[in-house]
Amino acid sequence: MSAPGPAATDAAQPAAKRGVVLISGSGSNLQAILDASAEWPVRWEAVISNRPAVHGLTRAARAGVPAEVIDHRAAGSRDAFEAALAQRLAALAPDLIVLAGFMRVLSAPLVERYTGRMLNIHPSLLPAYRGLHT
């Protein structure tokens, strides 16, 4: 008689998806994602902030996630910023992009490029209530 194999209920773990988080500030939403995602099939490839020296970058680094800045002010224009962001996202090839308190409006072509793979976590109901103090 042969030894019993793995239980029929043992399922193969799904392959981890490549994720990127976009932030603009303290990273409280990012921290909640990082805390909760230990059991998710996601490998966070990068956290990208449009603002330098925000606390969210520290949170990412502390969690072992590469933290990057693409400064929208230094880019010089909305189009230049978005082109730099699009180039970096293309290089990272994410399966999932989470906008976690990311306070920039992205153009329709960029959003459409990631249809079904982009999730926006915003502190208000858009578009009726915009900004931080809703």
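So, here is what we can say about the structure in this document. Computed from a prediction, not measured in an experiment: that's the story for all the values here. (Residues numbered from 1 in each chain as written. Predicted model: local features only at pLDDT ≥ 70, side-chain atom pairs only at ≥ 80, totals over all residues. Heavy atoms only, no water.)

Side note on the packing of helix α1 (residues 28-36) against helix α2 (residues 55-62)
Next up, step 1: Running from N to C, α1 and α2 point in directions that differ by 15°, and their axes come no closer than 9 Å. Here α1 lies roughly parallel to α2, going by the angle between them. Crossing geometry of α1 relative to α2 is assigned as right-handed. Listed contacts from α2 to S28, L30, Q31 and L34 of α1 are G56, R59 and A60.
Next up, step 2: Of the residues belonging to the contact of α1 with α2, the class tally is 3 nonpolar, 3 polar and 1 charged. (Axes fitted to C-alpha atoms, helices over the stretch in contact; angles between N-to-C directions. Helix = DSSP H or I, 4+ residues; strand = E, 2+ residues; numbered from the N terminus. Parallel < 35°, antiparallel > 145°, perpendicular 65-115°, else oblique. Left-handed = near helix turned anticlockwise from the far one by under 90°. Contact = heavy atoms within 4.5 Å. Nonpolar A, V, L, I, M, F, W, Y, C, P; charged D, E, K, R; others polar.)

A short note on the packing of aromatic side chains
Next up, step 1: Evaluated as defined, the whole model comprises 0 aromatic pairs.
Next up, step 2: When the ring centre of F81 is taken as reference, the NZ or CZ atom of R104 above it lies at 5.5 Å. (Phe/Tyr/Trp six-rings, centres within 6.5 Å; stacked < 30°, edge-to-face > 60°. Lys NZ or Arg CZ within 6 Å of the ring centre and 35° of its normal.)

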